[in-house]
Amino acid sequence: MNEISQITQMAVVDASLSSERLIEMQRRMLRIRRFDERAVELHAKGLLPGPIHTSIGHEAAVVGACMALRGDDYMTGYHRSHGHPIGKGSQLAPLMAELLGKSTGVCRGKGGSLHLADFSAGSLGESGIVGGSLPIAVGVGLSAKMRGTDRVCLSFFGDGAANTGPFHEALNLAAIWRVPTVFLCENNGYATTFPIREAMAVENVADRAAAYAMPGICVDGQDVLAVYAAVSAAVARARAGGGPSLVEAKTYRFREHAEFGVGGMQGSLARYRSLEEVEKWRARDPIVLFREELRSHGVLTDENALRLEAEVAGEVEKAVRFAQESPLPEPGEAYEDVFVNPIAARSPK
């Protein structure tokens, strides 16, 4: 039987989580925020090619989900995926270098913002194709199952992808094959500029889990502990052979859909969402909420909070320096890391 749950209040600090792990959650959320803020600045200066999609505002959904995984678990992302590898523990310097198209990047400068992958952290890649990584995550789960491992794959996607064919095909196959895949929808309310309330007949993306006989849960995506609890339960179920689950984190992006440079989408705010709506969500900044939660439970003092902020800022600046000082790929490397069909390569022109 399908289970739909709704969490609307801040989750209390889990006694089973050590102070070190709780602070690590805050650290990773700060890393995502400061990393993306610097990426926006570099993009505005013309140092970062192409559009970028930031995770600013999504940090609790990302970190809460990623920290429910083991180090050897897998994950797939989508176009808004700078934060996913950071949430799973990737090093910042190679990620920033990748955004700048440098040879020291995680994909040697060939992936950029839209196609990050960091196998060292189990990040198998993101996709600029909406919904494109969902079937891949099913395949990853099937592989883990066939190899007899207890690894799990976490698949991130946005609310817009929930209205594509691959979403339904992926959930259907995952349920039939009972693969250890957890689907995590970061529902920020808008598919680019189109409101989700006008795109679905049901209230929640998680409601759709019923059609595939898997658990569905809807959580407060601004509450890192609520997300962590929901994804931890789904991961435990998958690891034990119970099959897939669908978790929906209701979150919000504080910036626009993408950064396109001066005169890009930044002027489109008034046309699809109000300043009042944005400010209402900004008042529920996940980083501020969790910092206050940790302070109220004596886990994080004001002094330690400031020290943590400074440490993360230093890490990000070090990553930026590394990226800026790194070389661009050599032109001759363009055909390296690219699959070439040997039969087609030998065919006469």
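Owing to the predicted nature of the structure, the values given are computational and were not obtained by experimental measurement.

J.: Would you take a moment to explain unusual backbone geometry for this structure?
T.: Here the phi dihedral of Arg 178 falls at roughly 50 degrees; this positive angle occurs in a residue that is not glycine. One can find Arg 178 in the loop between α6 (165-177) and β4 (181-187). For Ala 213, which is not glycine, the phi dihedral falls at a positive 50 degrees. With respect to the element layout, Ala 213 can be found in the loop between β6 (194-195) and β7 (216-220). We classify Ala 213 as exposed; its relative accessible area is 67%.

J.: In this structure, what is going on with the pairing of strand β3 (residues 153-158)? I would like to understand it.
T.: Looking down a regular strand, the side chains alternate between one sheet face and the other. Counting buried positions over the 6 residues of β3 gives 6, a clear majority of the element. Along β3, one buried face is formed by Cys 153, Ser 155 and Phe 157 and the opposite face, lined by Leu 154, Phe 156 and Gly 158, is buried too. Here strand β2 (residues 74-76) runs beside β3; their pairing, made up of 3 bridges, is parallel. Paired with Thr 76 across the bridge in β3 is Ser 155.

J.: How do you make sense of a nonpolar patch on the surface when you look at a structure like this?
T.: On the surface, Leu 173, Ile 176 and Trp 177 cluster together to form a nonpolar patch covering roughly 280 Å² of accessible area. Locating Trp 177 in the fold gives a position in helix α6. Trp 177 gets classed as partly exposed once you look at its relative accessible area, which sits at 36%.

J.: Would you mind showing me how to read the nonpolar core here?
T.: Soluble globular proteins tend to bury their nonpolar side chains together. Formed by 61 residues in total, the largest nonpolar core has its most connected members in Met 25, Leu 154, Val 231 and Val 247. Dropping the residues within four chain positions of it, Val 247 is found in contact with Val 182, Phe 183, Leu 184, Cys 185, Ile 217, Val 219, Ala 230, Val 231 and Ala 234. One finds Val 138, Ala 170, Cys 185 and Val 205 within the second-largest nonpolar core, a separate group that totals 19 residues.

J.: Is there a simple way to explain the side chain of Glu 333 in this structure?
T.: Here Glu 333 shows up in the loop between α11 (302-325) and α12 (342-346). For Glu 333, a relative accessible area of 18% corresponds to the buried category. Beyond its immediate stretch of four places on either side in the chain, Glu 333 contacts Arg 108 and Lys 110.

Conventions we followed
- Residues numbered from 1 in each chain as written.
- Predicted model: local features only at pLDDT ≥ 70, side-chain atom pairs only at ≥ 80, totals over all residues.
- Heavy atoms only, no water.
- Helix = DSSP H or I, 4+ residues; strand = E, 2+ residues; numbered from the N terminus.
- Buried < 20%, exposed > 50% of the residue type's maximum accessible area, 1.4 Å probe, protein only.
- Pairing = 2+ DSSP bridges.
- Patch = residues over 30% accessible without salt bridge, like charges linked within 9 Å, V, L, I, M, F, W, Y side chains within 5 Å.
- Areas by Shrake-Rupley, 256 points an atom, 1.4 Å probe, with all protein chains shown as cover.
- Salt bridge = Lys/Arg side-chain N within 4 Å of Asp/Glu carboxyl O.
- Core = buried A, V, L, I, M, F, W, Y, C linked by side-chain atoms within 4.5 Å.
- Contact = heavy atoms within 4.5 Å.

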